[in-house]
Amino acid sequence: MAVRERLSGNEAVSYAIRQINPDVMPAFPITPSTEIPQYVANYIANGEIDTEFIPVESEHSSMSAAVGASAAGARTLTATSSCGLALMWEELYVAASNRLPVVLALVNRALSGPININADHSDSMGARDSGWIQIYAESNQEAYDNFLQAYPIAEHKDVMLPVMICQDGFITSHGVENILLVEDALVKEFVGERKPEHYLLNPDETLAVGPYAVSNYYMETKRGQRQAMINARRVILEVAQRFRAMTGREYGFFESYCLEDAELAVVIIGSAAGTCKAAIDRIRNTTGKKVGLLKIRVFRPFPEEEIAAALARVKAVAILDRSEMFSATGGPLGAEVRAALYQAKSRAEAVNYLYGLGGRDITVEDFCQVYEKLEKIAAEHRITDMYEYIGLRSR
Amino acid sequence: MISEKINESTPWQDITEGNKIFQAATSREFCTGEWRTATPVWNQEKCKQCLLCTPVCPDSSIPVKDKLRTEFDYDHCKGCGICAKVCPFGAITMREGK
Amino acid sequence: MEAAYNFKEIMNKPERLAPGHRMCAGCGGTIAVRGVLRALHEGDRAVIGNATGCLEVSSFMYPYTAYEDSYIHNAFENAGATLSGVETAYRVLKKRGKLQEDYKFITFGGDGGTYDIGFQSLSGAMERGHDMVYVCYDNGAYMNTGTQRSSATPRFADTTTTPAGKVSNGKVQVRKDLAAIMAEHHIPYVGQTTFTANFKDLHTKAEKAIYTPGAAFLNILSPCPRGWGYEPSELMNICRTAVDTCYWPLYEVEDGKWSLSYEPKTKLPIEEFLRSQRRFRHLFKPENEYLIGEFQKEVDKRWEELRTRCGG
């Protein structure tokens, strides 16, 4: 039977780590993910798990040690946020290109500068091209459920890629919510043991990892990584299917909320989806207007065709980014969703708004206004502001 | 031979996952002896088998068997000449060319 | 642990660094690697780590690895952290009964990857006390990118980022004493060595470093014919003068106890070391003679400091 609890997002992920009892965890503290290594260290100190914790001297070293441990054959994870992820940047690429199934519990936080400890997605969006699978959560429950699914995806023989399990700093990481936990024995069975095929500590095989590869090999190597990402699409859904069989909770590439008949839609990632849902309920209940939401769960691999299909009938869509990319044309989610719509020859009007940078609140009223704007855009077929900051003070 | 399995004509599907190589010492297949501009010549009569030449070779090209050095590995020797300089008995001389 | 050094027996051991790597003719770095790996006992397994540098790009060029043992290269600045991850994986797999065999862990980095960009990662790995050896093959500059200065570069050396010119006499600063800094980490073993005629010093230190439980650091002066500007065949003379001028003292620090491994009967003047190298050529112009004096003073000062530490 599932266990009812009340946990913060960090507690929930740490609990999942306790249940999985991975082999090696190098980590370095950084707000707001610090609690995760603290909880794990406590589990170890009290003999609840026997994971080896490496108290490294930086995040660069935590991902470097994770690469070493994973290549050696150990099930490995780390946790970080913001500048910690930025310091790992080089190593993220190495983990992915070496095809190491490392799992990273990311608690999303704005990148410096100015230094800011609150939620936005600039950290993980900066790492979006590193070759990692990225899975995002709206709630503590999703952060926990996603974490349980991480190793079965990462270690699948057709994938062998690192996975980033993302949740919003403070909003879910520190906010306490009701949560349903899976029983320990079921988790053990679901996640299983890592059975590496090639690893440094295999006494029966000599292995060399991390060569210098000239141009005649580099491009073929990248194509291999791309194939793993393509395969990940199938595996993510298969694992979600198994997870549903175990828990009854359903996961896919994204969640559609009132999207079936929607004429106006928002596309968003992370915790703000909950606020958007409240706005949708209010609008539908008071006006009956057909508003809906597409909440991205899997950003890498990017489910382009599925997103376009889900938005096929909407008249106008607002894509909301929680990170700047300073292209001066929008945010990364906006760019990719618009590309998906273009490819599908969609006739929907699409705008790209930025919100919540550095932890700025976004409210139900803000979402109601977004839908009002979409209504106007759909009616007039005219976009006056393609790229707007929500909740920005301005003269 | 690794070079038969993986070479510059190998399609992407056959490049090893993560560029891992599941075999030891595959570099032996690559003949660095081609680089030589001078060649060490071993005079067995002068050689006292002191083995002082063996650890100084950067290319592991002075094989030792049963505590005796054997002929140079000309497939790999790059002709640096360190061995000739350390030989106390003048048993290694450098000859111009390969 | 310390068996008598039987040179011929040691040379008879199977080679653990295969030929066919692309290091330059006469490279000192490769001689260092061979020498260290030779200290592994026959039959003992090892995982070899490597920082980015000449050695890495030359000894594991896909699909050609020069290693008889399992090997991992990760990046430039993280050989310490990477191998600490491997070593930790080893401990946990053993603890959980997934691995029976014993392994040793040795990682190699040049002075760029060790003294400079990888300094933090090295310090962290040593401080945490992983059972591993970090070996620096110190050739005193960033040779892989074409002889730029490092903190291991000696004062006055002409490098591509400290060129000797009309108003410059090469590098301004003196070299960092990394072996001493590692000793201050209070790790069980630190050794500084180079190539001597029968390789006893290097072999003995490598064996101690590998077989002393806990973290160990080995600093090996590894001449670079291209970067230093000398005839490749001269390598052993360069090493001999480095040691006999006391520019590169051979010493070790075992459990905090400092000891000199060798004291030259006659300490040679520093010119003996400098003269044969193009990087110091400008010091031999008549107007620059005083610089050799300054170099000598620095060598003398450090040698005396070291002798004091070693209780001499």
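Conventions we followed
- Residues numbered from 1 in each chain as written.
- Chains lettered and ligands numbered in written order.
- Predicted model: local features only at pLDDT ≥ 70, side-chain atom pairs only at ≥ 80, totals over all residues.
- Heavy atoms only, no water.
- Helix = DSSP H or I, 4+ residues; strand = E, 2+ residues; numbered from the N terminus.
- Rg over C-alpha atoms; globule rule 2.2 N^0.38 Å.
- Contact = heavy atoms within 4.5 Å.
- Lys, Arg positive; Asp, Glu negative; His and termini not counted.
- Charge placed at Lys NZ, Arg CZ, Asp CG, Glu CD.
- Buried area = accessible area lost by both parts, 1.4 Å probe.
- Salt bridge = Lys/Arg side-chain N within 4 Å of Asp/Glu carboxyl O.
- Core = buried A, V, L, I, M, F, W, Y, C linked by side-chain atoms within 4.5 Å.
- Buried < 20%, exposed > 50% of the residue type's maximum accessible area, 1.4 Å probe, protein only.
- Domains from an automatic or database assignment.
- Phe/Tyr/Trp six-rings, centres within 6.5 Å; stacked < 30°, edge-to-face > 60°.
- Lys NZ or Arg CZ within 6 Å of the ring centre and 35° of its normal.
- Polar contact = N/O pair within 3.5 Å; in protein donor to acceptor, adjacent residues only side chain to side chain.
- Nonpolar A, V, L, I, M, F, W, Y, C, P; charged D, E, K, R; others polar.
- Pairing = 2+ DSSP bridges.
- Axes fitted to C-alpha atoms, helices over the stretch in contact; angles between N-to-C directions.
- Parallel < 35°, antiparallel > 145°, perpendicular 65-115°, else oblique.
- Left-handed = near helix turned anticlockwise from the far one by under 90°.
- Right-handed = clockwise from strand over helix to strand, strands pointing away.

### Notes on the overall build of chain B
- Broken down by element type, chain B carries two helices and four strands.
- Its C-alpha atoms give chain B a radius of gyration of 17 Å, clearly above 13 Å, the size a compact globule of 98 residues would have.
- If you line up chain B on its principal axes, its C-alpha atoms span 55 × 30 × 15 Å.
- Look at the contacts in chain B between residues 6 or more apart in sequence, and 63% of them connect residues 24 or more apart.
- If you average the places of the 13 positive and of the 13 negative side-chain charges in chain B, the two averages end up 10 Å apart.

### Some remarks on the interface of chain A and chain C
- Tallying the contact residues gives 42 residues for chain A and 42 residues for chain C.
- Both sides together, the interface formed by chain A and chain C hides about 3200 Å², and carbon and sulfur atoms give 58% of it.
- The largest per-residue losses of area from chain A upon contact with chain C belong to Leu201, Pro203 and Tyr212 of chain A, which jointly make up 19% of the total buried on that side.
- Here chain A and chain C share six salt bridges between them.
- Lys95 of chain C is the partner of Glu52 of chain A in a salt bridge, and the nearest nitrogen-oxygen pair spans 2.8 Å.

### Observations concerning the nonpolar core
- Counting 230 residues, the largest nonpolar core has Leu201 and Leu311 of chain A as its most contacted members.
- Among the elements that take part in this core, helix 9 (residues 215–247) of chain A stands out by supplying nine residues, more than any other.
- Domain assignment of the residues forming this core places at least three in each of domain 1 (3–247) and domain 2 (254–389) of chain A.
- Ignoring sequence-local partners within four residues, the contact set of Leu201 of chain A consists of Ala72 of chain A together with Val47, Val86, Ala89, Tyr90, Leu93, Leu99, Tyr103 and Phe105 of chain C.

### Examining the packing of aromatic side chains
- Under the criterion given, the structure shown has 22 aromatic pairs over all chains.
- Note on Phe60 of chain C and Tyr71 of chain C: the rings are 5.6 Å apart at their centroids and 90° apart in plane angle, and the pair reads as edge-to-face. Of this pair, Phe60 of chain C sits in strand 2 (residues 60–61) while Tyr71 of chain C sits in strand 4 (residues 70–73), placing them eleven residues apart in sequence. Each member of the pair, Phe60 of chain C as well as Tyr71 of chain C, is classed as buried.
- Aromatic side chains Tyr247 of chain C and Phe273 of chain C sit 4.6 Å apart centroid to centroid with 20° between the ring planes, which places their arrangement in the stacked category. In this pair, Tyr247 of chain C is assigned in the loop between helix 10 (235–244) and strand 11 (251–254) and Phe273 of chain C in helix 11 (residues 271–274), connecting sequence segments 26 residues apart. Across the pair, exposure class does not vary: Tyr247 of chain C and Phe273 of chain C are buried alike.
- Taken together, the ring pairs connect Phe156, Trp228, Tyr230, Tyr247, Phe273, Phe280 and Phe295 of chain C into an aromatic cluster.
- Positioned over the ring face of Trp42 of chain B is Arg69 of chain B, at 4.2 Å from the centre of the ring.
- A cation over an aromatic ring shows up here: Lys176 of chain C above the ring of Phe119 of chain C, its NZ or CZ 4.1 Å from the ring centre.

### A few points about the interface of chain C and chain B
- Across the boundary between the two partners, chain C contributes 37 residues, which contact 42 residues of chain B.
- Taken together, both faces of the contact between chain C and chain B bury some 3300 Å²; the carbon and sulfur share is 60%.
- Three residues, Pro19, Tyr62 and Tyr64 of chain C, lead the burial of chain C against chain B; their summed loss comes to 21% of the area buried on that side.
- Our enumeration of links across chain C and chain B arrives at three salt bridges.
- The partner of Glu234 of chain C in a salt bridge is Lys85 of chain B, and the shortest N-O contact between them spans 2.8 Å.
- In this assembly, chain C and chain B are joined by 24 residue pairs in polar contact (both at pLDDT 80 or more).
- Per element, the largest residue contribution to the side of chain C that touches chain B is four residues, and it comes from helix 1 (residues 7–11) of chain C.
- When the residues that make up the side of chain C that touches chain B are grouped by side-chain class, the tally is 21 nonpolar, eight polar and eight charged.

### Looking at helix 2 (residues 28–37) of chain C
- Of all ten residues making up helix 2 of chain C, ten are buried, and the element is well covered by its neighbours.
- Gly28, Gly29, Thr30, Ile31, Ala32, Val33, Arg34, Gly35, Val36 and Leu37 of chain C are the residues of helix 2 of chain C that are buried.

### Comments concerning the sheet that holds strand 13 (residues 298–300) of chain A
All names here are of chain A.
- Spatial ordering of the open sheet is given by 4-5-7-6-13, a layout of five strands whose pairing is mixed. The sheet is open, and its two edges are formed by strand 4 (77–80) and strand 13, each paired on a single side. On average, adjacent strands in this sheet sit at an angle of 20° to one another, irrespective of strand direction.
- Here strand 4 runs beside strand 5 (residues 103–108); their pairing, made up of four bridges, is parallel. Its bridge partner being in strand 5, Thr78 is matched across the sheet by Leu104.

### A closer look at the pattern of salt bridges
Residue and element names in this part refer to chain A.
- For the coordinates displayed, the defined rule picks out 47 salt bridges over all chains.
- Arg282 is the partner of Glu365 in a salt bridge, and the nearest nitrogen-oxygen pair spans 3.1 Å. Linking Glu365 in helix 13 (residues 364–380) with Arg282 in helix 10 (residues 272–287), this pair joins segments that are 83 residues apart in sequence.
- Note on Glu365: relative accessible area 41%, which makes it partly exposed.
- Residue Arg282 is classed as partly exposed on the basis of its relative accessible area of 39%.
- Measuring nitrogen to oxygen at the nearest pair gives 2.2 Å for the salt bridge that ties Lys373 to Glu388.

### Points about the packing of helix 1 (residues 9–20) of chain A against helix 2 (residues 35–45) of chain A
All names here are of chain A.
- Two elements in contact, helix 1 and helix 2, have axes whose closest approach is 9 Å; the angle formed by their N-to-C orientations is 40°. If you check the angle between helix 1 and helix 2, you find them oblique. As helix 1 runs across helix 2, the sense of the crossing is right-handed. Residue-level inspection shows Asn10, Glu11, Val13, Ser14, Tyr15, Ile17 and Arg18 of helix 1 in contact with helix 2, the latter providing Glu35, Ile36, Tyr39, Val40 and Tyr43.

### Focus: the sheet that holds strand 11 (residues 264–269) of chain A
Residues and elements named next belong to chain A.
- Read across the open sheet, the six strands follow the order 10-12-11-14-15-16; overall the sheet is mixed. Taken across any chain shown, the strands that pair with only one partner, and hence form the sheet edges, are strand 10 (254–257) and strand 16 (387–389). Here the average twist between neighbouring strands, direction ignored, is 20°.
- Sheet topology places strand 10 next to strand 12 (residues 291–296); four bridges connect them, and they run antiparallel. Across the sheet, the residue bridging to Phe254 is Ile296, located in strand 12.
- In this fold helix 13 packs onto strand 11, strand 12, strand 14 (316–321), strand 15 (349–354) and strand 16, with an angle of close to 135° to the strand it touches most, strand 11.

### A few points about the pairing of strand 6 (residues 133–136) of chain A
Residues and elements named next belong to chain A.
- Of the two faces of strand 6, the one carrying Ile133 and Ile135 and the one carrying Gln134 and Tyr136 are both buried.
- Note that strand 6 and strand 7 (residues 163–168) share four bridges and pair parallel. When the sheet's bridge partners are listed, Ile135 is paired in strand 7 with Ile165.
- The β-α-β motif built from strand 6, the intervening helix 7 (residues 140–154) and the parallel element strand 7 has right-handed crossover chirality.
- In terms of strand pairing, strand 6 meets strand 13 through two bridges, oriented antiparallel. Each residue of the ladder has a partner; that of Gln134, found in strand 13, is Arg300.

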